Amino acid sequence: MADEPLVLGIETSCDETGVGVVRGTTLLADAIASSVDEHARFGGVVPEVASRAHLEAMVPTIDRALKEAGVSARDLDGIAVTAGPGLAGALLVGVSAAKAYAYALGKPLYGVNHLASHICVDQLEHGPLPEPTMALLVSGGHSSLLLAPDITADVRPLGATIDDAAGEAFDKIARVLQLGFPGGPVIDRLAREGDPKAINFPRGLTGPRDAAYDFSFSGLKTAVARWIEAKRKAGEEVPVRDVAASFQEAVVDVLTRKAIRACKDEGVDHLMIGGGVAANSRLRALAQERCDDAGIVLRVPRPKLCTDNGAMVAALGAEMVKRNRPASDWDLSADSSLPVTDPHVPGTQDHDAGGDPGHGHGHDHDHVHELSKDNLYS
């Protein structure tokens, strides 16, 4: 284990400041500072509020992660950070912090993809990923089917949402039902007490002529909202638990049906599910049931690793180091629409040149760099 790369990962794509420390495929620390309570009164994430929260939480969260891991910043073999996709301002806070730490410590910097990180985090739970891996990623911003022959260099999109992502639909229906924000956990909880067959809500893009692997939840969201509105106009009580269960069943039915089809079509015998919605209990149960029927091995990380976290970024960063992928340049920037086909943002310079690891640009102010290393970090 001591020979495995030790990497710190920083995740700030949305409203949670996540910092993880990983050695190889072993999780040493996973520290999170969430600003979700600050967004609740707005019914959704406010980018400016999220960015400010990241600024305030960054250094304390990094310090907490290093302490929890029992390692010194000097011991790190690299620093990984989510470069995209995500909220531009929030990403910029994380990227700027990662560059500062990497430069001061003389460590290589790896700008990695948020979606690829959600896949790679499963290594911390179930060991090395099979190659290829079929991944179903479901969150507030993404619903994607991805085939990953090599998580560090080759991720292929098979399908994605064409409108609302699954997690976004959960939040919007929770708002219509006046259940608060975020909507996923409360709908999951209420659905356990409801009848998933009570209301036959539509399953989008499941017709014979529809795109086999794409998702659409906008029509479902509208259908549920109109059903609720009709009940209220008629002066009838809305059966909240049955609505939650029936809506949730429609979502997970489509997600799992398409994922199993993709595995069969591509000849892949493993399915990995990640992203915040992967914490949903009904999605996990139905996926297990359908994978068992199809002879497919299901891999789903524990719920805490499904939501945004620094551990997933560190996991992908450790894999980059292990496979000798090129580090990012110092002009690495946040890319809010970074495509999943780019698992990381490699540099164009020789990062072994000019002395310190990750300092291939040959800066003229190394005395400042050395002063930073000697006085800021132990």
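Residues numbered from 1 in each chain as written. Predicted model: local features only at pLDDT ≥ 70, side-chain atom pairs only at ≥ 80, totals over all residues. Heavy atoms only, no water.

Asker: I'd love a proper account of the sheet that holds strand β7 (residues 143-150), names of residues and values included.
Answerer: Taken together, the 5 strands give an open sheet; going across it, the order is β8-β7-β6-β9-β10, and neighbouring strands pair in mixed fashion. Of all strands in the sheet, those bounded by a partner on one side alone are β8 (154-160) and β10 (297-299). Pairwise comparison of adjacent strand axes, ignoring direction, gives a mean angle of 25° for this sheet. Relative to β8, β7 runs antiparallel, the two being bridged by 5 bridges. Counted as the bridge partner of Ser144 is Ala160 from β8. (Pairing = 2+ DSSP bridges. Helix = DSSP H or I, 4+ residues; strand = E, 2+ residues; numbered from the N terminus. Axes fitted to C-alpha atoms, helices over the stretch in contact; angles between N-to-C directions.)

Asker: So what's going on with the pattern of salt bridges? Which residues, and what values?
Answerer: Think of it this way: side chains of opposite charge can pair up when their charged atoms draw near. Inspection of the entire model under this criterion finds 19 salt bridges. Taking the shortest distance from any N to any O, the salt bridge between Glu168 and Lys172 comes out at 3.0 Å. Highlighted residues: Glu168 and Lys172, both in helix α6 (residues 166-176), separated by 4 residues, approximately one helical turn. The exposure class assigned to Glu168 is partly exposed, which follows from its relative accessible area of 25%. Lys172 sits in the partly exposed class, given a relative accessible area of 23%. Of the charged contacts in the structure, one is a salt bridge between Asp188 and Arg192, with a shortest N-O distance of 3.5 Å. Ionic contacts of the salt-bridge type, sharing partners, join the residues Glu131, Asp150, Glu319, Arg323 and Arg325 into one network. (Salt bridge = Lys/Arg side-chain N within 4 Å of Asp/Glu carboxyl O. Buried < 20%, exposed > 50% of the residue type's maximum accessible area, 1.4 Å probe, protein only.)

Asker: Account for the pairing of β7, naming residues and giving values.
Answerer: Most of β7 sits inside the fold, with 7 of its 8 residues counted as buried. Both strand β6 (residues 133-138) and β7 contribute to a ladder of 6 bridges, which runs antiparallel. Bridging across to β7, Ala135 finds its partner in Leu146. The turn linking β6 back onto β7 is made up of 4 residues. Between β7 and the antiparallel strand that follows it, β8, lie 3 residues.

Asker: Talk me through unusual backbone geometry; I want residue IDs and the actual numbers.
Answerer: Along the chain, Gly84 connects to Pro85 via a cis peptide bond; the corresponding omega equals -10°. Looking at the secondary structure, you find Pro85 in the loop between β4 (78-84) and α3 (88-105). Glu131 connects to Pro132 through a cis peptide bond whose omega is 5°. Along the polypeptide, Pro132 turns up in the loop between α5 (123-126) and β6. We note that Leu205 has phi near 55°; this positive angle belongs to a residue other than glycine. With respect to the secondary-structure elements, Leu205 resides in the loop between α7 (183-191) and α8 (218-233). In the Ramachandran plot, Asn324 falls in the positive-phi region, its phi being about 60° despite a non-glycine side chain. Among the structural elements, Asn324 can be located in the loop between α12 (310-322) and β11 (344-345). Accessibility expressed as a relative area gives 69% for Asn324, which makes it exposed.

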